[in-house]
Amino acid sequence: VDIGASTITRLPFATLEPEDIAFFQQLLPNRALTDPDVLASANVDWLQNVQGLSQILLRPQTVEEVSLILRHCHLRGLAITPQGGKTGLVGGGVPIFDEVIVSMALMNHIIDFDDWQGVLVCEAGCILESLMQYVEKRGRVIPLDLGSKGSCQIGGVVSTNAGGLRFIRYGSLRSNVLGLQAVLADGQVLDLMTQLRKDNTGYDLKQLMIGSEGTLGVVTSVTLLCPPMPVGVSLAYLGCTGFPGVLATLCAARSRLGERLSAIEFFDHQCAHLVHTHLGLNPPISGEFPFYVVVEMVDSDSHEDNEKISAFFEEVMEEGHVADGTIATTPGKVKTLWAYRERIPEAILRDGHVIKYDICVSINMMYDIVTATRQRFADRIKNTLGYGHLGDGNLHLNISLTTPDPTLHSDLNDFIYGWTAKHRGSVSAEHGLGVLKRHAIGYSKSSDAIALMRRLKNMMDPKGILNPYKVLPSEL
Ligand code: 2HG
Ligand code: ZN
């Protein structure tokens, strides 16, 4: 555990009293939990970087209950942490001290689906994968796909503005969330549940909630635009001899596949090696290459699909951008090949103590920092791994160590964040800041911008009870 009560100063919130517990137990019979087992798992994040000390977890079933919880906490000065599927990578969804955990897990109902427009209305606790299955039966897709789809919740995903694998095709959640409902710090319910595609009446308040990681309100329901489901999906798994080949493959995919391009991901040899050794997956192509690219394309006609992907494959091979590869045109094989990319984080987690960076820079330079880090820290690092969302310029630079090393961690931060700031990049492209990266905000945002964020936060949550110690740096 890197972060916890011993590394941060607790802010002067009230502490949970027996009267508070009695209030919650009366409001939420059998759903105000104080069992040590439940709390043990709710207090720690998936990566086990953050350890909280919360003594109570609440499981509201309705927005009215969330509102009453927040009203009580606001009046009492008790801090809260909204919690979704706990799949975040920056510790945004777990408490640091004794914050009251408000779990959204039981608010998991689909409220409405408009077949004609493809608009889904659902509660925040719905699991992403269940929503995918629900809309796919109706000929639509969720405009977002993440490796953690089996446990992440839509409310958490919206609150972090998570990116994922379909970003290149459908854009960010900001453009696909049509409306939402959120409970504000004092318990007021803010209803922004429009289903309209266009609405320029005043400030777009829902955008404030999207990506604010539960620091401005608790998202309770979401209205999501779901595009039509493609008929055919095919995939090319390609090996490249250098990063220039990776970039040329991206250009070829863009021009050759155009709007059919639905995902384009890359990873280096080091990632492929860990997927093979730690997860036992056999490589889909026999040779070993410094880089691999996964290109997915979709179409409304499956026959056409096969021809397009083959033509693309032949072209990149002929041009010498790609040295070898394989194509999948059946759903089963497409899924198998995706696993080599999707399971990289899981493989890295088995390699030791992991430090994660999630950077966005110009695509042509996105691998430079991996090489530079490898050269500079070679003798202090076990493995340096580069992979990510090629089409979006979003690099996941992961570092594995044999044992945690705080000095090295801080040297790495200086080097990698410094490089990113120099190139006007983002130090958190899609994972958010949470508690782990809040002090890095200054590398990507000006002090004026941060000061305005603070004023907004103070205005919307004057007592600072909503997910404290997250997003904004501590005021020293
Ligand atoms: C992915 O793209 C996720 O696989 C996780 O964003 C990245 O663990 C990571 O660094
Ligand atoms: Zn990612």
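Numbering of residues starts from 1 in every chain and runs along the sequence as written. All chains are assigned letters beginning at A, and all ligands numbers beginning at 1, according to the order in which they are written. In keeping with the predicted nature of the model, local features appear solely for residues at pLDDT of at least 70, side-chain atom pairs appear and are counted solely at 80 or more, and the whole-chain, interface and lining totals rest on all residues.

(A) Spatial organisation of the UniProt feature "domain: FAD-binding PCMH-type" (unreviewed entry) in the protein. UniProt positions are given in the numbering used here, feature names are shortened, and annotations may be inferred rather than shown by experiment. Residues given the UniProt feature "domain: FAD-binding PCMH-type" (unreviewed entry) here are residues 50-229. Along residues 50-229 the backbone is 24% helical and 23% strand, and the end-to-end C-alpha distance reaches 38 Å. Only DSSP runs of H or I with at least four residues qualify as helices, and only runs of E with at least two residues qualify as strands; both kinds are numbered from the N terminus onward.

(B) The arrangement of the sheet that holds strand S10 (residues 189-192) in detail. Taken in spatial order, the five strands line up as S7-S8-S11-S9-S10 in an open sheet, and their pairing is antiparallel. Of all the strands in the sheet, just strand S7 (110-114) and S10 have a single pairing partner and so form its edges. Between one strand and the next, the sheet's axes are offset by a mean angle of 10 degrees, whatever the strand orientation. Strand direction decides the pairing type here: S7 and strand S8 (residues 119-123), joined by four bridges, are antiparallel. Paired with Phe113 across the strands is Leu120, a residue of S8. What counts as a contact is two residues whose backbone-derived C-beta atoms lie within 7 Å of each other. Note on geometry: axes are lines fitted to C-alpha atoms, helical ones only across the stretch in contact, with angles between N-to-C directions running from 0 to 180 degrees. Contacting strand S9 (177-183), S10 and strand S11 (218-225), helix H3 (residues 63-76) runs over the sheet at an angle of about 45 degrees to S9. Two strands qualify as a pair provided DSSP detects at least 2 bridges between them.

(C) Local environment of the domain arrangement of the protein. Domain boundaries assigned for the protein yield domain 1 (3-106), domain 2 (110-225), domain 3 (232-344) and domain 4 (351-443). Taking only C-alpha atoms into account, the centre of domain 1 sits 30 Å from that of domain 4. On the side of domain 4, eight residues touch domain 1, which itself brings nine residues to the contact. Note that Gly is not counted as nonpolar here; it falls among the polar residues with everything else outside the nonpolar set of Ala, Val, Leu, Ile, Met, Phe, Trp, Tyr, Cys and Pro and the charged set of Asp, Glu, Lys and Arg. Of the residues assigned to the side of domain 1 that touches domain 4, the class counts are five nonpolar, four polar and no charged. The source of the domain bounds is an automatic or database domain assignment.

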